[in-house]
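Understanding the architecture of this molecule
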Amino acid sequence: MERNGSKKEVRFETEAGYRYVDGGVCAAKGYLANGLNCGLNPVKEKNDLALLVSEVPCNAAAVYTTNKVKGAPILVCKEHLHETDHQARAVIINSKNANTCNADGVEKAERMCELAAKALGISPKEVLVASTGVIGEILPIEPIESHMEELAAGLCATGNGEAAKAIMTTDTVKKEAAVEFELGGKICRVGGMAKGSGMICPNMATTLNFITTDCAVSSQMLQKALSETVEDTYNCLSIDGDTSTNDMVLLLSDSLAGNEEIRAEGEDYRRFQKALYLVMLHLTKMLAKDGEGATKLLECRVSGAPDGQAAKSVAKSVISSPLLKCAVFGEDANWGRILCAVGYADAVFEIDRTGVIISSENGEVEVCKDGAGVFFSEEKAKAVLSADEIVILVDLGQGGGTARAFGCDLTCEYVKINGDYRS
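Residues numbered from 1 in each chain as written. Predicted model: local features only at pLDDT ≥ 70, side-chain atom pairs only at ≥ 80, totals over all residues. Heavy atoms only, no water.

**Here's the deal with the overall build of the chain**
Note the following rule: Strands are runs of DSSP state E lasting at least two residues, helices are runs of H or I lasting at least four, and both sets are numbered from the N terminus onward. Here the globule rule reads 2.2 Å times residues to the power 0.38, and the radius of gyration is calculated from C-alpha atoms. In this scheme, a residue with accessible area under 20% of its type's maximum is buried, one over 50% is exposed, and one in between is partly exposed, where area comes from a 1.4 Å probe on protein chains only. For this analysis, residues touch if any pair of their heavy atoms sits within 4.5 Å. Note on areas: these come from Shrake-Rupley sampling with a 1.4 Å probe, and a residue is covered only by the protein chains present in the view. Counted as positive: Lys and Arg. Counted as negative: Asp and Glu. His and the chain ends are not counted at all. Every charge is mapped onto a representative atom, which is NZ of Lys, CZ of Arg, CG of Asp or CD of Glu.
For the chain, the count of helices and strands is eleven helices and 16 strands. The globule rule puts the C-alpha radius of gyration for 423 residues at 22 Å, and the 22 Å found for the chain is close to it. Taking the principal axes of the C-alpha coordinates as reference, the chain spans close to 70 × 50 × 35 Å. For the chain, with 423 residues in total, the buried portion stands at 58%. Contacts spanning at least 24 positions in sequence make up 81% of the contacts within the chain whose residues lie at least 6 apart. For the chain, the exposed surface amounts to about 16500 Å²; the carbon and sulfur share of it is 50%. Taking the average location of the 43 positive side-chain charges in the chain and that of its 60 negative ones, the two points are 1 Å from each other.

This is the structure in structure tokens:
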């Protein structure tokens, strides 16, 4: 079942010293990409195979799904990064088939790496692999094999768009972001692409995400920056409460910006991590707004928590509530569902200090103060909820902890999509 979706743009969040640029995963120096249809997707107009390549060896970092069932590509990626001491040159990615829960899954994933390596003239161990799509169906390797030379021949510095389209499943729009910043007198860039629309829960990882940078960063510091930033972005995202089997985030650094390599924490590290955060935050919001069947981006901002972890628990609890998601879809200011989700969050705080405001570009309405309801205009509340981006402000009133989490409404279309996913 295919989806028909309109363009779902997400506003960029500004930060002094950083500038958003085009190019996605190819925005940084030295990266080439391509995507095409090899036949895994019967709709010939839709790409299903992507290749991302660096002109030079890269330091690499990764974060993977916490699901006990892991797709074969994840097992292969872990092994390759271990054997190369976290070095990589390329990533081969397919959609329509997850290559998960198959007896020949690892063999097929390794074969994909071998095919890409042969076409590129590099070692198979320098190739990482990712797959997304239906779980439990055998991955046919023949379409991938017969199109690898064409895929490699079409690699270019403007191929990011075709690659981003190739990793889509039920996504209605491709998801890309990139930022530019200065470090030690050198211009550095971080860019990425992501896919994901359903089977997304704030329990890393959450989707397929590929991020590149030309900023020189050691593999150890890349891993630290990625692991920390995941906690405040992808791990604060929920579409439907399901954690997939193939989710991963890969981060590559080719060092071509020419800055002094970041090997420890300090001002350079913090500036790089901020750039990484901006890219991952924007991709997270794009993923949330393009949730399966979604009509609204939902964000919960928590303040006044005893600490940051309590704030994060509350924010994630609110955006994960199916009842609240339904209320947002129906533009019903049923604030009791918000307080209910706040109340069952895994955190310790006093509920009778809590205040709630629902906000959007159409205004804001206070619905709860000191843990109790207050009078508000239902008409105004409906107008606020009629916008396509809704922010729920929760003030616990008992500390300095803050956090943000992202999700979307839950619609009738979501059920239709997942009731007929394989067709």
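**Structural notes on the packing of helix α5 (residues 219–232) against helix α6 (residues 267–289)**
The condition that has to hold: Between N-to-C directions, angles cover 0 to 180 degrees, with each direction set by a line fitted to C-alpha atoms, over the stretch in contact for helices. Every angle not falling under 35 degrees, over 145, or within 65 to 115 is termed oblique; those three ranges are roughly parallel, roughly antiparallel and roughly perpendicular. Helix crossings fall into two classes, left-handed where the near helix is turned counterclockwise from the far one by less than a right angle and right-handed where it is turned clockwise. Residue classes follow a fixed rule: Ala, Val, Leu, Ile, Met, Phe, Trp, Tyr, Cys and Pro count as nonpolar, while Asp, Glu, Lys and Arg count as charged, and any other residue, Gly among them, counts as polar.
In contact at an axis separation of 10 Å, α5 and α6 are set at 45° when each is read in the N-to-C sense. As judged from the angle between their axes, α5 and α6 are oblique. As for how α5 packs across α6, the hand of that crossing is right-handed. Here Met221, Leu222, Lys224, Ala225, Leu226, Glu228, Thr229, Val230 and Asp232 of α5 come into contact with α6, specifically with Tyr269, Phe272, Gln273, Leu276, Tyr277 and Met280. For the contact of α5 with α6, a count of residues per class yields ten nonpolar, two polar and three charged.

**Some details on helix α8 (residues 322–329)**
Note the cut-off: What the arc describes is the spread of directions from the helix axis to the C-beta atoms.
When we look at burial in α8, the residues that qualify are Leu324, Lys325, Ala327 and Val328. Down the axis of α8, the sector holding all buried residues measures 160°, keeping them to one side. If you follow the buried residues of α8, they end up packed against β9 (237–238), β11 (297–305), α7 (308–320), α9 (335–343), β15 (389–395) and β16 (401–408). A positive backbone phi angle near 55° is found at Glu331, which sits one or two residues after α8.

**Looking at the pattern of salt bridges**
Note the following rule: Throughout this description, the term salt bridge denotes a Lys or Arg side-chain nitrogen within 4 Å of a carboxyl oxygen of Asp or Glu.
Using the criterion set out here, one finds 24 salt bridges in the structure. Note that Lys285 and Glu13 form a salt bridge whose closest N and O atoms lie 2.8 Å from each other. Here Lys285 is found in helix α6, whereas its partner Glu13 is found in the segment before β1 (19–20), with 272 residues between them in sequence. Exposure remark for Lys285: the relative accessible area of 6% places this residue in the buried category. A salt bridge links Glu389 to Lys289, with the nearest nitrogen and oxygen atoms 3.0 Å apart.

**Quick look at the side chain of Lys325**
Rule in force here: Pairs of N or O atoms within 3.5 Å make up the polar contacts considered here, provided that, within protein, one atom can donate a hydrogen while the other can accept it, and that residues adjacent in sequence are counted only when both atoms are side-chain atoms.
Inspection of the secondary structure puts Lys325 in helix α8. A distance of 3.1 Å separates a polar atom in the side chain of Lys325 from the backbone oxygen of Ile319. Not counting residues within four places of it along the chain, the set of residues in contact with Lys325 comprises Ser238, Ile239, Ile319, Ser320, Gly407, Cys408, Asp409 and Leu410.

**A short note on α5**
An α-helical turn contains 3.6 residues, so any two residues separated by three or four positions project in the same direction. Going by this rule: To estimate the expected span of a helix, subtract one from its residue number and multiply by 1.5 Å.
For α5, spanning 14 residues, the distance from its first C-alpha to its last is 20 Å, which sits close to the expected 20 Å at 1.5 Å a residue. For α5, the complete set of buried residues consists of Ser219, Met221, Leu222, Ala225, Leu226, Thr229 and Val230. Viewed end-on, α5 has its buried residues packed into an arc of 165°, placing them on one side of the element. In the core, the buried residues of α5 are packed alongside β3 (49–64), β10 (248–253) and α6.

**Focus: empty space enclosed by the protein**
Put simply, the rule reads: Here a cavity denotes a set of grid points, spaced 1 Å apart and computed over the protein atoms alone, in which a 1.4 Å probe fits but from which it cannot get out, and a pocket denotes an open set meeting protein on both sides within 12 Å along at least five of seven lines; residues with an atom within 4 Å of a point are reported as lining. Grid points are joined across faces, edges and corners, and a volume is the space filled by probe spheres set on the points.
Applying the stated criterion across every chain yields a total of one cavity of 30 Å³ or more. Empty space within the largest cavity amounts to approximately 50 Å³. Along its surface, the largest cavity is lined by Leu324, Ala327, Val328, Asp332, Ala333, Asn334, Trp335, Ile338, Ile358, Leu385 and Ile392. Residue assignment for the lining of the largest cavity shows that the elements contributing at least two residues are α8 and α9. Looking at the lining of the largest cavity, the element that brings in the most residues is α8, giving three residues. In terms of residue class, the lining of the largest cavity is built from nine nonpolar, one polar and one charged.

**A word on the nonpolar core**
Nonpolar side chains in soluble globular proteins tend to be buried together. Selection rule: The nonpolar core is taken to be a set of buried Ala, Val, Leu, Ile, Met, Phe, Trp, Tyr and Cys residues, with the residues joined through side-chain atoms within 4.5 Å.
Judged by nonpolar contacts, the single largest core of 55 residues is most densely connected at Ile92, Ile93, Ile144 and Phe210. In terms of residues, this core owes the most to one element, β3, which gives nine residues. Other than its neighbours up to four places away in sequence, Ile92 contacts Leu49, Ala50, Leu51, Met112, Cys113, Ala116, Val127, Leu128, Val129, Ala130, Met148 and Leu151. With 42 residues, the next largest nonpolar core counts Leu222, Leu237, Tyr269 and Leu297 among its residues.

**Some thoughts on the pairing of β3**
This is how the line gets drawn: Two strands form a pair only when DSSP identifies at least two bridges running between them.
By the criterion of burial, β3 is predominantly enclosed, with 13 of the 16 residues buried. Judged from the six bridges that link them, strand β2 (residues 31–36) and β3 form a sheet pairing that is antiparallel. Directly across from Asn34, in β3, lies its bridge partner Leu51.

**Observations regarding the sheet that holds strand β13 (residues 363–369)**
If you walk across this open sheet you meet the seven strands as β9-β16-β11-β15-β12-β13-β14, and the pairing is mixed. The sheet is open, and its two borders are formed by β9 and β14 (372–373), each paired with just one other strand. In the sheet, β13 pairs with β14 via two bridges, with the strands oriented antiparallel. By the bridge assignment for β14, Lys369 is matched with Ala372.

**A closer look at the packing of aromatic side chains**
Worth spelling out the cut-off: Stacked, edge-to-face and tilted are the three classes for Phe, Tyr and Trp ring pairs, Trp counted by its six-membered ring, which pair at centre distances within 6.5 Å; planes under 30 degrees apart are stacked, over 60 edge-to-face, the rest tilted.
Counting across every chain of the model gives two aromatic pairs. Between the aromatic rings of Phe12 and Tyr20, the centroid separation amounts to 4.2 Å while the plane-to-plane angle is 45°, which identifies the pairing as tilted. Here Tyr18 and Phe181 contribute two aromatic rings whose centre-to-centre distance is 5.6 Å and whose plane-to-plane angle is 35°, an arrangement assigned as tilted. On the criterion of sequence distance, the pair formed by Tyr18 in the segment before β1 and Phe181 in strand β6 (residues 175–183) is long-range, its members being 163 residues apart. The exposure class assigned to Phe181 is buried, which follows from its relative accessible area of 2%.

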